[in-house]
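Residue-level structural notes
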Amino acid sequence: MIRMGILQVLKTQLLCHLIICYVFLVSGFIINLLQLCTLPLWPINKQLARKINCRLGYSVSSQLVALLEWWSGTECTLYTDPESYHFYGKENAIVVLNHNFEIDFMTGWTFCERFGVLGSSKVLAKKELSFVPVIGWMWYFQEIVFCKRKWEEDRKTVVQSLRNLHDYPENFWFLLHCEGTRFTEKKHKISMEVAEKKGLPKLKYHLLPRTKGFCVTAQNLRGTVTAVYDSTLNFRNNEMPTLLGVLNGKKYHADLYVRRIPLDTIPEDETECAAWLHKLYQEKDKFQEHYRQTGRFPGPITSPPRRPWALLNWLFWVCLLVYPLCMLLLQMLLSGSTFTVICTCVFCLAVSVGIRWMIGQTEIDKGSNYGNKEMQINNN
């Protein structure tokens, strides 16, 4: 108990946070450089280049999974049909996620990791993220689908990016936050005003889904993707987990309810597909209501085992990068220069702030978010 108490205190220390941020940032830049080196391989052997970039991308994203699973110790429970469970990780799928929590993207990646598709997972992300170092650059080489959130300009590029995935050599999950932005009371109020104007049933725990991104994704991945995984996430004890909480080693417990829906049962017509998605979110709202009332989702429970690879990858980078850093800092401190010491401290703080900003950017507005309230009325 005493050891656990000391370890928990250690996890809240700024020095530990700086080391985590330093390892993520430096390893990320190294991986970005290695990805850049794969460019000459693309015209020679495209599939090999893709497989290499899957592994390199995994080396970055799995560090965030290790942070959640091993550093924070967050538990993940899956509610799903046992017959569907056997398909997970063995087929291409579109994963429809709710967007209520600051770390729901990390939780989604955790389930991707447990079924072996983290390195090849895809998202529909805003174009600005492609310019963000480490994660954004990694995503570029992983063929993530980027959009400017202006549908007239996006349709052609999004369709082409989706079609490029038809011959992708790895099983992948395409993660979509159809609400377009994270749930807040203010956004919910605006969204329900739109629902009233459009004559749609109101939702209690979700925003209205932005249908265009989902419909275009489903249309252009038919024949490549075999199912849609309707996924609804919640955390026990009404907790609202944060990135800072995870970084401080706070333990959460995530519950995820997943339904497998064969893609060929979803309408191909865009209008009918949009109506199907609205109905899906009405059902997701009922699942959330059931959870709030009973503390669990319906159906049987399973806990996909944690795989060791995310932790081993993280420890590899820690061992590789921390020792030379310690030696460099020691030399600077022994130099006796006040200016050098101050610059070192400022640099460490800047790295910490920078890495938190980059991680936060990956969570903001992933999904088919095409603008403000008026744009939502026009586009849905």
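Residues numbered from 1 in each chain as written. Predicted model: local features only at pLDDT ≥ 70, side-chain atom pairs only at ≥ 80, totals over all residues. Heavy atoms only, no water.

The protein chain is annotated in an unreviewed UniProt entry as 1-acyl-sn-glycerol-3-phosphate acyltransferase delta of Carassius auratus. Taken verbatim from the UniProt record of the protein chain, the Sequence similarities (unreviewed entry) comment is "Belongs to the 1-acyl-sn-glycerol-3-phosphate acyltransferase family." (UniProt positions renumbered as here; feature names shortened; annotations may be inferred.)

Burial of the side chains of strand 5 (residues 173–176) extends over both faces: W173 and L175 are buried on one face and F174 and L176 on the other. Pairing of strand 2 (residues 93–97) with strand 5 involves four bridges; the strand directions are parallel. Residue pairing in the sheet places A93 in a bridge with W173 of strand 5. Of the strand pairs in this sheet, strand 3 (residues 122–126) and strand 5 are connected by two bridges, and their pairing is parallel. Bridged to V123 within strand 5 is L175. (Buried < 20%, exposed > 50% of the residue type's maximum accessible area, 1.4 Å probe, protein only. Helix = DSSP H or I, 4+ residues; strand = E, 2+ residues; numbered from the N terminus. Pairing = 2+ DSSP bridges.)

The subject of this paragraph is the sheet that holds strand 5. The strands that make up a sheet pair up through hydrogen bonds in the backbone, lying either parallel or antiparallel. Strand order in the open sheet formed by eight strands is 4-3-5-2-6-7-1-8, and the pairing between neighbours is mixed. The open sheet has two edge strands with one neighbour each: strand 4 (145–147) and strand 8 (301–302). With respect to the sheet, helix 9 (residues 211–220) is in contact with strand 2, strand 3, strand 5 and strand 6 (227–235), its orientation differing from that of strand 2 by roughly 165°. Contacting strand 2, strand 6 and strand 7 (253–262), helix 11 (residues 270–294) crosses the sheet at an angle of about 30° to strand 6. (Contact = heavy atoms within 4.5 Å. Axes fitted to C-alpha atoms, helices over the stretch in contact; angles between N-to-C directions.)

Another aspect to go through is unusual backbone geometry. At E143, a position not held by glycine, the phi torsion is positive, near 65°. Residue placement: E143 occurs in the loop between helix 6 (135–141) and strand 4. Classification of E143 as buried rests on a relative accessible area of 15%. Phi angles above zero are rare outside glycine, and N237 is one such case at about 65°. For N237, the location among the structural elements is in the loop between strand 6 and helix 10 (243–247). For N237, a relative accessible area of 70% gives the class exposed.

The next subject is the nonpolar core. The biggest cluster of nonpolar side chains holds 61 residues, and the ones touching the most others in it are M106, W139 and W173. Ignoring sequence-local partners within four residues, the contact set of M106 consists of L64, L67, L68, L243 and V246. Counting residues in hydrophobic clusters, the runner-up holds 36 residues, among them V158, V194, C215 and V228. (Core = buried A, V, L, I, M, F, W, Y, C linked by side-chain atoms within 4.5 Å.)

This brings us to the packing of aromatic side chains. Two aromatic rings, taken as a pair, are described by how far apart their centres are and by the angle between their planes. For the structure on display, the rule yields 20 aromatic pairs. Both rings, one in W71 and one in W314, keep their centres 6.3 Å apart while their planes meet at 80°; by these two values the pair is edge-to-face. Taken together, the residues W71 in helix 3 (residues 46–71) and W314 in helix 12 (residues 309–334) connect sequence positions 243 residues apart. W314 matches W71 in its accessibility class, with the two residues each being buried. With a centroid separation of 4.9 Å and 75° between ring planes, the pair formed by F101 and F235 is classed as edge-to-face. With a gap of 134 residues between them, F101 in the loop between strand 2 and helix 5 (104–114) and F235 in strand 6 connect regions that are remote in the sequence. (Phe/Tyr/Trp six-rings, centres within 6.5 Å; stacked < 30°, edge-to-face > 60°.)

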